[in-house]
Every structure is written in C-alpha cells, then in structure tokens.
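Coordinate analysis (summary)
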Amino acid sequence: RKEVEQDPGPFNVPEGATVAFNCTYSNSASQSFFWYRQDCRKEPKLLMSVYSSGNEDGRFTAQLNRASQYISLLIRDSKLSDSATYLCWGKLQFGAGTQVVVTP
Amino acid sequence: EAGVTQSPTHLIKTRGQQATLRCSPISGHTSVYWYQQALGLGLQFLLWYDEGEERNRGNFPPRFSGRQFPNYSSELNVNALELEDSALYLCASSFFNQPQHFGDGTRLSIL
C-alpha cells in the first residue's frame, strides 16, 4: 500500500465554484506536507506548504488533520487556469495526483 | 537566484544504449531527487541523494543509477535502455525538510 494516496479524479468544477480534495497518508511520522500543481507535460510547481494550523493563500486553503491522517486542499472561486493535476507530498513521497478540470 | 537546471532538454537514444542526465540544484540545496514520469502517469520516485550519499531508492532495476558530486550536482545514468524508459525525467532539489523545487526535466525518447 502506498504511503500517500489521492483520488485521481477528475474533479469537474464549474468556473466560480469551490472544490476540495484530500490526500491520505499512512506514515504517522510524516512531518512536512506540501501541495504541488502540475500542468500537462510540465514540471510540478510548489503551490503551498501545509501546516497543522492550516494556511491560506488567496483562493487556496490547505489543512492538515493529523488525527485522521489526511491533508486537504480547497480552491474557492475556481478559475479556468486552475485546471491542473494537484500533487500532495509527504514523507519522501508524492501522491499520484488529483486532476481538476474547471469548465466555463 | 537560479533554479534547478537539467540537461539535456531532450535526448534521443536507441534500445541498448546508455543515457546520462544531469542536474544542478539550487544554490544551498544539498538534496537532489530524481523522478520518472511516463506519459499520462504520475511521478515515480527513482533516487534521493543528500550530501553525496544515496539515501533512498525507488523500485527501479539496477541499470538506473546515479551519483551526487561534491558541488551537489547530480547525474542519472540509465544503462541498457529499453523502450519503456521513454519518459520525462525530473530532478528536484531541496534543503533539509524544505519543499522540493523542480527543474524543467529531460525528455528521453527511446527508438
């Protein structure tokens, strides 16, 4: 079983809507978590770090739930440009990614 | 500040040949990671180097190998190339528990 798992999606989201998805992890010793965004055939780019207290960057909110061993990413007011694959990273491992498709 | 640089951008080889991919990390980063991403698939972890030592290895055959030099740059070598080795090879660097930053990748095509 992989230590980091994600729902592959795709999550089809109307423009302007909110979408949220999780990443579960099995290694409770994981200390650092990050969300990355990857566009088709490009390198992943760091989106945001994930802290226990949660953190927000504009329309993006990341949360860490240690008790249930998952991290989440919420995107508000979705834009067409948010269409991408979102990868979570924890304990030396990337998840397989969640595809988000924002539609007009 | 310069980001992670990878060379070459594209590499075309034939089956059975050997390929060498290079990566220069961000200045100050001591860890280098290598990933393989086949078309339409997720990142597959290959190798992690830190301070010149191999720290972890993914589930790949021994013909995938590498090293990290004293200046923290790294090489990935793939011997006896097979058709299924065609992929985007990504290098990332980081310092300690900080997030990884990726280079643009090397696209390896096996004919």
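Up top is the structure these notes are about.
Residues numbered from 1 in each chain as written. Chains lettered and ligands numbered in written order. Predicted model: local features only at pLDDT ≥ 70, side-chain atom pairs only at ≥ 80, totals over all residues. Heavy atoms only, no water.

A look at the sheet that holds strand β7 (residues 64–68) of chain B
Residue and element names in this part refer to chain B. Here is the rule: By definition, two strands form a pair when at least two bridges between them are found by DSSP. Note on conventions: DSSP H or I runs of at least 4 residues are helices, E runs of at least 2 residues are strands, and numbering of each starts at the N terminus. Note on geometry: axes are lines fitted to C-alpha atoms, helical ones only across the stretch in contact, with angles between N-to-C directions running from 0 to 180 degrees.
What the four strands build is an open sheet, ordered β1-β3-β8-β7; its pairing is antiparallel. Whereas interior strands pair on both sides, the edge strands pair on one side only; in this sheet they are β1 (5–7) and β7. Each adjacent strand pair in this sheet contributes to an overall mean axis angle of 15°, direction not counted. Where β7 and strand β8 (residues 74–78) come together, five bridges link them in antiparallel fashion. Its bridge partner being in β8, Gly66 is matched across the sheet by Leu76.

Side note on the sheet that holds strand β7 (residues 60–65) of chain A
Residues and elements named next belong to chain A. Strand order in the open sheet formed by five strands is β1-β3-β8-β7-β6, with antiparallel pairing between adjacent strands. Each edge of the open sheet carries a strand with a single partner, namely β1 (4–6) and β6 (55–57). Averaged over all pairs of adjacent strands, the angle between their axes in this sheet comes to 20°, without regard to strand direction. Two elements, β6 and β7, share three bridges in a ladder whose sense is antiparallel.

A word on the interface of chain A and chain B
To keep things clear, this is the line we draw: Contacts: residue pairs with any heavy atoms within 4.5 Å of one another. By convention in these notes, a salt bridge is any Lys or Arg side-chain nitrogen within 4 Å of a carboxyl oxygen on Asp or Glu. Pairs of N or O atoms are called polar contacts if they sit within 3.5 Å, as long as, within protein, a hydrogen donor faces a hydrogen acceptor (for residues adjacent in sequence, only side-chain-to-side-chain pairs).
Facing 13 residues of chain A, the contacting portion of chain B comprises 18 residues. In this structure, the connection of chain A to chain B is made through zero salt bridges. If you look at where chain A meets chain B, you find three residue pairs in polar contact (both at pLDDT 80 or more). Mapped by element, the contributors of at least two residues to the side of chain A that touches chain B are β4 (33–38) and β9 (84–90) of chain A.

A word on the state of the cysteines
To be explicit about the condition: Note on terminology: pairs of cysteine sulfur atoms within 2.5 Å are recorded as disulfides. To sort residues, take the accessible area from a 1.4 Å probe on protein chains only and compare it with the maximum for the residue type: under 20% means buried, over 50% means exposed, and anything in between is partly exposed.
A full pass over the atoms with the stated rule returns two disulfides over all chains. Here Cys23 of chain A is linked by a disulfide to Cys88 of chain A, with a sulfur-sulfur distance of 1.9 Å. Handedness of the Cys23 of chain A-Cys88 of chain A disulfide follows from its S-S torsion of about 55°: it is right-handed. Note that Cys23 of chain A is positioned in strand β3 (residues 19–25) and Cys88 of chain A in strand β9, a separation of 65 residues in sequence. Judged by its relative accessible area of 2%, Cys23 of chain A is buried. The class for Cys88 of chain A is buried, based on a relative accessible area of 0%. What pairs with Cys23 of chain B in a disulfide is Cys91 of chain B, and their sulfur atoms sit 1.8 Å apart. Here the disulfide of Cys23 of chain B and Cys91 of chain B is left-handed, its torsion about the S-S bond being about -60°. Of this pair, Cys23 of chain B sits in strand β3 (residues 19–24) while Cys91 of chain B sits in strand β9 (residues 87–94); the two residues are 68 residues apart in sequence, bridging distant segments of the chain. A relative accessible area of 0% places Cys91 of chain B in the buried class. Considering cysteine sulfurs only, Cys88 of chain A is the nearest to Cys40 of chain A, which forms no disulfide, with 20 Å between them.

Topic: the pairing of strand β5 (residues 45–50) of chain A
All names here are of chain A. With five bridges joining them, β4 and β5 adopt antiparallel strand pairing. Each residue of the ladder has a partner; that of Phe33, found in β5, is Val50. The hairpin formed by β4 and β5 contains six residues between the paired strands, and Arg41 there has a positive phi angle of roughly 60°.

Structural notes on the environment of Ser86 of chain B
Residues and elements named next belong to chain B. Inspection of the secondary structure assignment puts Ser86 in the loop between β8 and β9. Given the relative accessible area of 28%, Ser86 is considered partly exposed. The spacing of Ser86 and Arg107 is 21 residues in sequence and 7.6 Å in space, taken between C-alpha atoms. Look past the residues within four positions of Ser86 in its chain and what remains in contact with it is Ala38, Leu108, Ser109 and Ile110.

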